[in-house]
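Given next are the chains, with one letter for each unit.
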Amino acid sequence: MVPFAMPNTSLLLCEITARSMQLKTAPDAFVSGLMHDMGKLILLEMAPDQLIKIIKHAEDKHISFHQAETELGLPSHQHLGIELGKHWRLPNAVIEAIQYHHGDGTKTEHKITEWANVYAHTQKIGFSGSYEVPEPEVEGTMAKAFGLSDKARKQIESLFQKEFEKAGAILS
């Protein structure tokens, strides 16, 4: 069994943040949060041995899942997610969020997905296969980079906690 958990963290954070910022793309943000790591589920289903190899490498080297994929020369979970998104004819905004959720995105929507991903890692919510935890300051700096003030971030975190608790109550 692969030690792997994908809670609703990113999808909730992406959607709440986009709504709070009054972005017209809030529904796409929700889907982006849901889909950004879908490539990992493809690995779990289609190549579990490869997934285990990536996670073990990340653990041994104390690095991110993304870095482990690169070091091992394997196709990235982003690439797998992008291909699935194209196959499912997802909106370009969602496919781009999958592509850029580890950085290099230029649009606010990309940065929200990247931030939500880093937030989940810094808060140690769930397990993504990464063994590198960013410093908490990184998450705050990223939020400011796409226009999220400290006050707005705290409000979003509060809304997220309430939504996450509700989701947990429904799922348990």
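Here we summarise the structure given alongside this text. (Residues numbered from 1 in each chain as written. Predicted model: local features only at pLDDT ≥ 70, side-chain atom pairs only at ≥ 80, totals over all residues. Heavy atoms only, no water.)

**Details of unusual backbone geometry**
In most cases, non-glycine residues show a negative phi, while peptide bonds are predominantly trans. Put simply, the rule reads: We count a stretch as a helix when DSSP gives it H or I for four or more residues in a row; a strand needs E for two or more, and each element gets its number in order from the N terminus. Exposed residues in this analysis have more than 50% of their type's maximum accessible area, buried residues have under 20%, and partly exposed residues fall in between, with area computed by a 1.4 Å probe over protein chains only.
At glutamine 22, a position not held by glycine, the phi torsion is positive, near 55°. Relative to the assigned elements, glutamine 22 resides in the loop between helix H1 (9-20) and helix H2 (26-35). At aspartate 104, a residue that is not glycine, the phi angle is positive and equals roughly 75°. Its location among the elements puts aspartate 104 in the loop between helix H7 (92-100) and helix H8 (108-122). A relative accessible area of 74% places aspartate 104 in the exposed class.

**Quick notes on the packing of aromatic side chains**
Which entries qualify depends on this criterion: Pairing of aromatic rings covers Phe, Tyr and the six-membered ring of Trp, with a centre-to-centre limit of 6.5 Å; geometry is then stacked below 30 degrees between planes, edge-to-face above 60, and tilted otherwise.
For the coordinates displayed, the defined rule picks out three aromatic pairs. Summarising the aromatic geometry, the rings of tryptophan 115 and tyrosine 119 are spaced 5.8 Å apart at their centres and angled 50° between planes, so their arrangement reads as tilted. In this pair, tryptophan 115 and tyrosine 119 both sit in helix H8, four residues apart, roughly one turn of the helix. The burial state of tryptophan 115 is the same as that of tyrosine 119; both residues are buried. A centroid spacing of 6.0 Å and a plane angle of 65° characterise the contact between tryptophan 115 and phenylalanine 146, whose relative ring orientation is edge-to-face.

Purely geometric stuff here, so don't read any function into it on its own.
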